[in-house]
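The chain contents come next:
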Amino acid sequence: MSVQRDEGAVSRFVERFAAQLTEAGMQRMASRVFAQLLANDAGAMTSAELGEALQISPAAVSGAVSYLTQVNMVSREREPGSRRDRYVLHNELWYETFTRRDQALTLFEKTLREGAAGLGTGSPAGARVAETAAFFEFLQHELHGLMDRWRDHRATLDLP
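Residues numbered from 1 in each chain as written. Predicted model: local features only at pLDDT ≥ 70, side-chain atom pairs only at ≥ 80, totals over all residues. Heavy atoms only, no water.

Comments concerning the overall build of the protein chain
- When helices and strands are counted, the protein chain shows six helices and three strands.
- Start at the N end of the protein chain and walk to the C end: the helices and strands fall as α-α-β-α-α-β-β-α-α.
- The C-alpha atoms of the protein chain give a radius of gyration of 20 Å, which is well past the 15 Å a tight globule of 160 residues would have.
- Viewed in the frame of its principal axes, the protein chain has a C-alpha envelope of about 65 × 40 × 30 Å. (Helix = DSSP H or I, 4+ residues; strand = E, 2+ residues; numbered from the N terminus. Rg over C-alpha atoms; globule rule 2.2 N^0.38 Å.)

This is the structure in C-alpha cells:
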C-alpha cells in the first residue's frame, strides 16, 4: 500500500517546525536539516538530497550536519556500496536527547554544589547557587520518572 505524500504540506511542516526549533535556540540551518530528516520516511538522507529538498548549498548542509552530529541528534553513515555519506536520525531520538540532557544536569548540579560550598551557603550568591543546584537535582529526578512513564506509554501506542 503506497501512501501519497502532499509535498507542499511536507515542506510547510519542515519550515514551521524548523522555525520553532530555531526560536527554541537551535541554529537555523540545523533546525531545517533536522526537520527535513524527521519528515523523511527513512530518517536518512545524503548531503545532496538535503541540499535539493531544502534548496541550500552543500556548505550550509555541511555546517548543519556538523552541528547536529556534535549534539548527537544525527549520525553519519556510509551508504552501502557507495562512497557517499548519509545522515541518519538516531533511534528513539527524543529519549536519547533527554538522556544526554540528564548527563549535563548531573554535571551542572555537581559544579553548582561545589560553587555553593565555596561561596558559602549563608551568602546571597551561595544561597542562589545552592537553590539552582537543588532545582537541577529536582529536575533530574523528575526527568527519570518522566522517561520511565514515556517508555510505558509508548508501548501502548500503535507505532511501528
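Moving on from the model shown.
Remarks on the pattern of salt bridges
- Summed over all chains, the structure comprises ten salt bridges.
- Where arginine 5 meets glutamate 7, a salt bridge forms, and the shortest distance between an N and an O atom there is 3.4 Å.
- Across the pair arginine 113 and glutamate 137 runs a salt bridge, and its minimum N-O distance is 2.8 Å. Taken as a pair, arginine 113 in helix α5 (residues 93-119) and glutamate 137 in helix α6 (residues 124-156) lie far apart in primary sequence, 24 residues in all.
- The class for glutamate 137 is partly exposed, based on a relative accessible area of 40%.
- One connected set of salt bridges, linked through shared partners, spans Arg5, Glu7 and Asp41. (Salt bridge = Lys/Arg side-chain N within 4 Å of Asp/Glu carboxyl O. Buried < 20%, exposed > 50% of the residue type's maximum accessible area, 1.4 Å probe, protein only.)

Focus on unusual backbone geometry
- Here the phi dihedral of glutamine 55 falls at roughly 55°; this positive angle occurs in a residue that is not glycine.
- Looking at the element boundaries, glutamine 55 is found in the loop between α3 (47-54) and α4 (58-70).
- We classify glutamine 55 as exposed; its relative accessible area is 67%.
- Unusually for a residue other than glycine, asparagine 72 sits at a positive phi of about 60°.
- Within the secondary structure layout, asparagine 72 lies in the loop between α4 and β2 (74-78).

Considering the sheet that holds strand β1 (residues 44-46)
- An order of β1-β3-β2 is seen for the three strands of this open sheet, with the pairing classed as antiparallel. Taken across any chain shown, the strands that pair with only one partner, and hence form the sheet edges, are β1 and β2. Going from strand to strand, the sheet's axes swing by 30° on average, the running direction of each strand aside.
- Summarising the sheet, β1 and strand β3 (residues 85-89) pair through three bridges and their orientation is antiparallel. Across the sheet, the residue bridging to methionine 45 is tyrosine 87, located in β3. (Pairing = 2+ DSSP bridges. Axes fitted to C-alpha atoms, helices over the stretch in contact; angles between N-to-C directions.)

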